[in-house]
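As a plain string of letters, each chain reads:
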Amino acid sequence: MRLTDDIKQLIIKYIGDNLTSDEKTDLKLWLDESAEHRVFFEDLLDNHDLINDLNQWSELQASDTMDWNERLKAKTLETIRTSAVKPSPIRNIKHLLPYAAALISIILGGLMYFMVRKQVAPVSNRIVLNDVEAQSNQAEIRLSNGKVLQVSSQKGALVSGDNLTYEDGTILQNASLKGDLMATVNTPAGTMLQLQLEDGSEITLNAKTTLKYPLHFAKNKRVVEVDGEAYFKIAKNKKVPFHVLSNGQQIEVTGTEFNVNTYSKSQSSTTLIEGSINLSAQGQTLQLKPNQQALLASGQLSKKVVDPANYIAWLDNKFYFNETDLHTALQLIGQWYDLQIIYTQPIKETLLYGEIKRTKSLAAVLKILERSHIKFDLIQENGVRKLFVSN
């Protein structure tokens, strides 16, 4: 990897936010040379101790025009004066100056050491990937009695009752499940799962979603919790409303169809397809009608008119983009293929259109997105798949 003194200085100035426009161009050219450069740069920015040292040095350098030694003496005297114990200032300065005089060498040396160490470190834990195949993994259901069961998504819906069975009649758990047992279902990346609850309500879970629900509802309430994305088709029962808890909000329904998405912790969306629902969060309430979507962001509830097809295409196992910004699209792709998305530079605003089957390999999906002049590098490091994005 090419690490000239000029590149090292550019990195130091980048961390201190002191790059000129020409220097930004030079650094970008170096980053664009190879995926190895971009991985190294991201790893360096993740080294918080070194970054903090460099930032402190940059701030000290920019604070005034006083000589470094004079600033150090002044800062040391100030520290001594404000200390609860006040030993001789001269003795403390003499004691600290040998260390302080070497501070800049240590900080810059730390960066150089990090660079050298990264070059000689074993690379066996880092693999450049050409593709990731779409997978269909087993989901997991944990019961409050301690039992953990693997659930196949290939045998139809998982039906809850006195036993756990599949829609095709196959028994998953034939032991009696009476009582107030709770179930927690987790779907991994690349997997959807359908469930049918005791009351006849149907729920479809998207990838990387958690649903917590009782195997038997109480007579006076029906309550479930979801984290991720799920589509609900609630069995009608006006006497016993159905409540969905998700990311700080509560949804109340008596019989309807809607989609809940809480993948982003900063914003939750609830899209109504049929019927009506009431939402409450942070002391606010609103009612949704079909083709409306509620958003919860920064503690505020709002709603807007939408085309539900844009938000439930995943039920047909496809990505659907209709004026979808690149960040949102890559978040969906990352959820499905289990990727960490890393932007190596600010990305120009890019809107995507079209649909892509989620059964395609990742390489096939990325090839389609590359038509929008987006570049991708795929690396697996320490078991984590990382997708580096640039344009």
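Residues numbered from 1 in each chain as written. Predicted model: local features only at pLDDT ≥ 70, side-chain atom pairs only at ≥ 80, totals over all residues. Heavy atoms only, no water.

Caption draft 1: Fine view of the sheet that holds strand S16 (residues 267-274). Strand order in this open sheet of ten strands is S6-S5-S4-S8-S9-S12-S15-S16-S19-S20, and the pairing throughout is mixed. The open sheet terminates on both sides in strands that have one partner only, identified here as strand S6 (171-173) and strand S20 (300-305). Strand direction decides the pairing type here: strand S9 (residues 202-205) and strand S12 (residues 229-233), joined by four bridges, are antiparallel. Within the sheet, the bridge partner assigned to Leu-205 lies in S12 and is Ala-230. (Pairing = 2+ DSSP bridges. Helix = DSSP H or I, 4+ residues; strand = E, 2+ residues; numbered from the N terminus.)

Caption draft 2: Summary view of the confidence of the model for the protein chain. Summarising the model, the protein chain shows a mean pLDDT of 81, and 78% of its residues fall at 70 or more. Note on residues 120-124: pLDDT is under 50 here. Beyond four places in sequence and across chains, it has zero contacts. (pLDDT = per-residue confidence, 0-100. Contact = heavy atoms within 4.5 Å.)

Caption draft 3: Quick peek at the packing of aromatic side chains. Tallying each qualifying case throughout the model produces four aromatic pairs. Between Phe-217 and Phe-242, the ring centres sit 5.9 Å apart and the planes meet at 75°, which makes this aromatic pair edge-to-face. Here Phe-242 lies in strand S13 (residues 242-246) and Phe-217 lies in the loop between strand S10 (209-214) and strand S11 (222-227), a separation of 25 residues in the sequence. With respect to burial, Phe-217 and Phe-242 carry one shared label: buried. Geometrically, the ring pair formed by Phe-319 and Tyr-337 is tilted, given 6.4 Å between the ring centres and 35° between the ring planes. A residue pair is termed long-range when its members are at least 10 positions apart, and Phe-319 in strand S21 (residues 318-325) and Tyr-337 in helix H9 (residues 326-337) qualify at 18 residues. (Phe/Tyr/Trp six-rings, centres within 6.5 Å; stacked < 30°, edge-to-face > 60°. Buried < 20%, exposed > 50% of the residue type's maximum accessible area, 1.4 Å probe, protein only.)

Caption draft 4: Quick look at helix H10 (residues 362-369). Inspection of H10 places Leu-362, Val-365, Leu-366 and Leu-369 among the buried residues, and these make up the whole buried set. Buried residues in H10, looked at end-on, bunch into an arc of 95°, giving them a common side. Buried-residue contacts for H10 involve S21, H9, strand S23 (351-357), strand S24 (375-381) and strand S25 (384-390). (Arc of directions from axis to C-beta.)

Caption draft 5: Local environment of unusual backbone geometry. In this structure, Asn-247 takes a positive phi of about 50° despite not being glycine. Among the structural elements, Asn-247 can be located in the loop between S13 and strand S14 (249-253). Taking relative accessible area as the criterion, Asn-247 reaches 32% and is therefore assigned partly exposed. With a phi close to 50°, Gln-282 is a non-glycine residue in the positive phi region. As for its position among the elements, Gln-282 is in the loop between strand S17 (277-281) and strand S18 (284-288). On the accessibility criterion, Gln-282 (61% relative accessible area) is exposed.

Caption draft 6: Broad picture of the environment of Gln-135. Of note, Gln-135 is situated in the loop between strand S1 (126-128) and strand S2 (139-143). Expressed as a C-alpha distance, the spacing of Gln-135 and Trp-336, which sit 201 residues apart in the sequence, is 8.9 Å. Among residues more than four places away in sequence, those in contact with Gln-135 are Gly-190, Thr-191 and Arg-385.

Caption draft 7: Layout of the nonpolar core. By size, the foremost hydrophobic cluster in this structure holds 42 residues, and its most contacted members are Ile-141, Leu-164, Tyr-213, Val-224, Phe-232 and Phe-258. Among residues more than four places away in sequence, those in contact with Val-224 are Leu-197, Leu-211, Lys-212, Tyr-213, Phe-217, Phe-232, Phe-242, His-243, Val-244 and Leu-245. Counting residues in each nonpolar core, the second largest holds 24 residues, with Val-132, Phe-319, Tyr-337 and Val-389 among its members. (Core = buried A, V, L, I, M, F, W, Y, C linked by side-chain atoms within 4.5 Å.)

Caption draft 8: Structural detail: the pairing of S13. Buried residues dominate S13, accounting for four of its five residues. Of the pairings in the sheet, the one linking S11 to S13 comprises four bridges and is parallel in character. Residue Glu-225 lies in a different strand from S13, and its bridge partner there is Leu-245.

Caption draft 9: Region of the structure containing helix H2 (residues 21-32). If you check H2, its first and last C-alpha atoms are 16 Å apart, about what twelve residues at 1.5 Å a residue would give, namely 16 Å. Along H2, the residues classified as buried are Glu-23, Leu-27, Trp-30 and Leu-31. Buried residues of H2 fall within an arc of 100° about the axis and therefore sit on the same side. Projecting away from the buried face of H2 at angles above 90 degrees are the exposed residues Ser-21, Asp-22 and Leu-29. (Expected span 1.5 Å × (residues − 1).)

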